[in-house]
Amino acid sequence: MMLPLPANDLRPRRLPRPEDFAGERGGYAPWCGPTAVATAAGLDYASACALLARVAPDRYPPGREVVTAWWRDLVGALGLAGVTAEPQPVEGRQTLARAVKNGLPEGWWLARVTGHFCLVEVARSGARVFDNQLHGETLSPRAHGRRRVTHLARVPTPPGAE
């Protein structure tokens, strides 16, 4: 399992892109759950799958890739990686774009939107989406903005996004 770089490591860091995770999978597109865990924790894709397997070995057999994940397991895997995910209540039925427009506080968020996991960076200038297909794309109807938010958790700034 790849560990995050130490704080005193001076190598340039960046958030991994979907194609980085696809490269780990022999060119195949990564799944959203492990991608969200890997990006938020600064891990590789296989390490994210291994953390999910530690959280719920009955759902994710060790050594096998995670295809479908559960919200509570993503939060648990982040906890094992030392990343605190603070779940927040979701008010009513609202889209991700509406949640941002209605005042979702600035910072990084793990979101479950209509059966999909992504990280969202909310800033004064708007919001950007990071997932298994998008890398820093401005939140828009095409970039999951119309999907309904079912779960939110505040997470620290991911390694490489500083």
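A few points on the structure.

Some remarks on the pairing of strand S5 (residues 135–138)
Now for step 1: As paired elements, strand S4 (residues 126–130) and S5 share 3 bridges and run antiparallel to each other. Within S5, the position partnered with arginine 128 by the bridge is threonine 138.

Structural notes on the sheet that holds strand S1 (residues 86–88)
Now for step 1: One open sheet accounts for 6 strands, arranged S1-S6-S2-S3-S4-S5; its pairing is antiparallel. Edge strands, defined here as strands with exactly one partner in the open sheet, are S1 and S5. On average, each strand axis in the sheet is tilted by 30° relative to the strand beside it, whichever way the strands run.
Now for step 2: Where strand S3 (residues 116–123) meets S4, 5 bridges bridge the pair, whose relative direction is antiparallel. When the sheet's bridge partners are listed, valine 120 is paired in S4 with valine 129.

A few points about the packing of helix H2 (residues 32–41) against helix H4 (residues 71–80)
Now for step 1: Viewed as axis vectors pointing N to C, H2 and H4 meet at an angle of 30°, and their least axial separation amounts to 10 Å. Here H2 lies roughly parallel to H4, going by the angle between them. Between H2 and H4 lies a crossing whose hand is right-handed. Within the contact between the two elements, H2 uses Gly33, Ala36, Val37, Ala40 and Ala41 and H4 uses Leu74, Ala77 and Leu78.
Now for step 2: The residue inventory of the contact of H2 with H4, partitioned by class, reads 7 nonpolar, 1 polar and no charged.

Procedures and definitions
- The residue numbers shown here count from 1 along each chain, following its written sequence.
- Owing to the predicted nature of the model, reporting of local features is limited to residues with pLDDT of at least 70; listing and counting of side-chain atom pairs is limited to 80 or more, with chain, interface and lining totals taken over all residues.
- Hydrogens and water molecules were not included; the side-chain quantities draw on all heavy atoms of the structure.
- Strand pairing follows a simple DSSP-based rule, namely that at least 2 bridges must link the two strands.
- Labels follow the DSSP assignment, with helices taken as runs of H or I lasting at least four residues and strands as runs of E lasting at least two, numbered in each case from the N terminus.
- Note on method: axes are straight lines fitted to C-alpha atoms, helices fitted across the in-contact stretch only, with angles between N-to-C directions ranging 0 to 180 degrees.
- An angle counts as roughly parallel when it lies under 35 degrees, as roughly antiparallel when it exceeds 145, as roughly perpendicular when it falls between 65 and 115, and as oblique in every other case.
- Note on convention: the crossing is left-handed when the near helix lies turned anticlockwise from the far helix by less than a right angle, right-handed when the turn is clockwise.
- Only heavy atoms enter the contact rule, under which two residues are in contact if any of them lie within 4.5 Å.
- Each residue gets one of three labels, nonpolar for Ala, Val, Leu, Ile, Met, Phe, Trp, Tyr, Cys and Pro, charged for Asp, Glu, Lys and Arg, and polar for the others, Gly among them.

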